[in-house]
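Fold and geometry: a report
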Amino acid sequence: MAIEGTTSDITPLLEANRKWAEECIAKDPTYFSKIAGSQSPEFLYIGCSDSRAHPAAMFSMAPGEVFVQRNVGNLISVKDLNCMSCLEYTIDHLKVKHILVTGHYNCGACKAGLVWHPSTAGVTNLWISDVRDVRDKNAAALEGLPLDEAWDKLVELNVEAQVFNVVSSPVVQAAWARGQQLVVHGLVYTPGTGRVKELIKPVTGNDDGTYSLSAKLKKHCSFSESLK
Ligand SMILES: [Zn+2]
C-alpha cells in the first residue's frame, strides 16, 4: 500500500478498508457484529512499534483476539503509565490468559541502544536508556561479539529483561497472588522470515519451578529473591 506524492487524499486507504471489510463479511457475515459489543481477547501482545512486526498478522489473528501494547523497543516500565494501565486493564478486567512479550531481530531501538550514534533523536535517545541498561548489565556477554551478533543478542536479552519487568510488576504479582491464571511468554520475531520463536520457558507464577528466567537471567535482570 502506498500513496503517490504528497497528496492529502487517502482514498486508496479507504478503498482498501472497504474491500477488506467486505471480504471479511463475505466469509463470515458475523465477522464484525459478533465482537462489536464487547471484547474478550485471550492474549496481550507487548511488542515493538516497528512496522515489520505486526502482531495480528504474525499470529493470524482476527479483530478481537489480541490486545496490543507497542512502543519503540518493546519496553516495559513501572514508570510508564501507558504500559502499566494496559497491564491492569487487560489482566484485571479483560482477564487475558497469555502475555506475549515479543521483540524482533533488526530492531533499531536495540541497535541504537547498543551503539551510540549522534543521529539518534533526543527524546528517542532518552526512551531507549532502558535498552542501554540491559546492555550494560550484560556487558560480559556482549563484549567481543561481532556487531550483528551483539545486536541479535541484545534483542534477546532485552526481551528477557522486559519479561522480568512484566512478571515483577504489581499487577501481575497481584494476579498470581489471587490465583489468576496468567502465563507470560518471551518471544522474538524475525522480519526476514516471518517466524516467531520462544526465547524462554513460559512463566506461570513465582514458584512454579519454570521461573527459569534462570540464574543467568536473574543476574541479568537484578532478580530479587523476595519474588520467590
Ligand atoms: Zn524494534
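What you see is a predicted model, and the numbers here were worked out from it, not measured in a lab.

**A few points about the overall build of the chain**
A count of helical and extended segments in the chain gives 10 helices and 5 strands. Burial statistics for the chain: of 228 residues in total, 31% are counted as buried. Of the contacts made within the chain by residues no fewer than 6 positions apart, 63% connect residues no fewer than 24 positions apart.

**A short note on the UniProt feature "binding site: Zn(2+)" (unreviewed entry) in the chain**
UniProt's entry tags Cys-48, Asp-50, His-104 and Cys-107 with the feature "binding site: Zn(2+)" (unreviewed entry), counted in the numbering of this structure. Across 60 residues, the annotated set stays spatially compact, with a maximum C-alpha separation of 8.7 Å. Checked against the element boundaries, Asp-50 lands in the loop between β1 (43–48) and α2 (55–58). Classification of Asp-50 as partly exposed rests on a count of 19 C-beta atoms within 10 Å. With sequence-adjacent residues up to four places away left out, Asp-50 is seen in contact with His-104 and Cys-107. Along the polypeptide, His-104 turns up in strand β3 (residues 98–104).

**Re helix α9 (residues 170–177)**
Listed as buried for α9 are Val-172, Ala-175 and Trp-176. Buried residues of α9, viewed axially, fall in a sector of 95°; they line one side. Set apart from the buried face of α9 by more than 90 degrees, the exposed residues are Pro-170 and Ala-177.

**So, unusual backbone geometry**
At Ser-60, a residue that is not glycine, the phi angle is positive and equals roughly 55°. Within the secondary structure, Ser-60 is located in the loop between α2 and β2 (66–71). A positive phi angle, near 60°, is found at Lys-95, a position not held by glycine. Note that Lys-95 resides in the loop between α3 (81–93) and β3. Overall, Lys-95 belongs to the partly exposed group, with 14 C-beta atoms counted inside 10 Å.

**Here we look at the environment of Tyr-31**
Examined against the element boundaries, Tyr-31 turns out to sit in the loop between α1 (11–27) and β1. Of the residues examined, Tyr-31 has 16 C-beta atoms within 10 Å and is grouped as partly exposed. As a C-alpha pair, Tyr-31 and Ala-21 span 10 residues in sequence and 9.0 Å in three-dimensional space. Not counting residues up to four positions away in its chain, the partners in contact with Tyr-31 are Cys-24 and Ile-25.

**Considering the nonpolar core**
Ranked by size, the top nonpolar core spans 45 residues in total, and within it Ile-99, Val-101, Val-163, Val-166 and Val-172 carry the most contacts. Elements with a contribution of two residues or more to this core: β1, α3, β3, α4 (108–114), α6 (129–137), α8 (147–167), α9 and β4 (183–190). Examining the composition of this core, we find that 10 residues originate from one element, α8, more than from any other. Aside from chain neighbours lying at most four places away, what touches Val-172 is Leu-87, Ile-91, Val-166, Val-167 and Leu-182.

**Quick notes on the sheet that holds β1**
Here 5 strands make up an open sheet; going across it, the order is β2-β1-β3-β4-β5 and the pairing mixed. Here the strands that pair on one side only, and so sit at the sheet edges, are β2 and β5 (195–198). When strand polarity is set aside, the average angle formed by the axes of neighbouring strands in this sheet is 25°.

**A closer look at the packing of α6 against α8**
For the pair α6 and α8, interaxial distance at closest approach is 10 Å and the crossing angle is 105°. On the basis of their axis angle, the class for α6 and α8 is roughly perpendicular. Across the interface between the two elements, Val-131, Val-134 and Arg-135 of α6 pack against Leu-154, Leu-157, Asn-158 and Ala-161 of α8. Taken together, the residues of the contact of α6 with α8 break down into 5 nonpolar, 1 polar and 1 charged.

The rules behind the values
- Residues numbered from 1 in each chain as written.
- Predicted model: local features only at pLDDT ≥ 70, side-chain atom pairs only at ≥ 80, totals over all residues.
- Helix = DSSP H or I, 4+ residues; strand = E, 2+ residues; numbered from the N terminus.
- Buried ≥ 20, exposed ≤ 12 C-beta atoms within 10 Å, placed from the backbone.
- Contact = placed C-beta atoms within 7 Å.
- UniProt positions renumbered as here; feature names shortened; annotations may be inferred.
- Arc of directions from axis to C-beta.
- Core = buried A, V, L, I, M, F, W, Y, C linked by C-beta atoms within 7 Å.
- Pairing = 2+ DSSP bridges.
- Axes fitted to C-alpha atoms, helices over the stretch in contact; angles between N-to-C directions.
- Parallel < 35°, antiparallel > 145°, perpendicular 65-115°, else oblique.
- Nonpolar A, V, L, I, M, F, W, Y, C, P; charged D, E, K, R; others polar.

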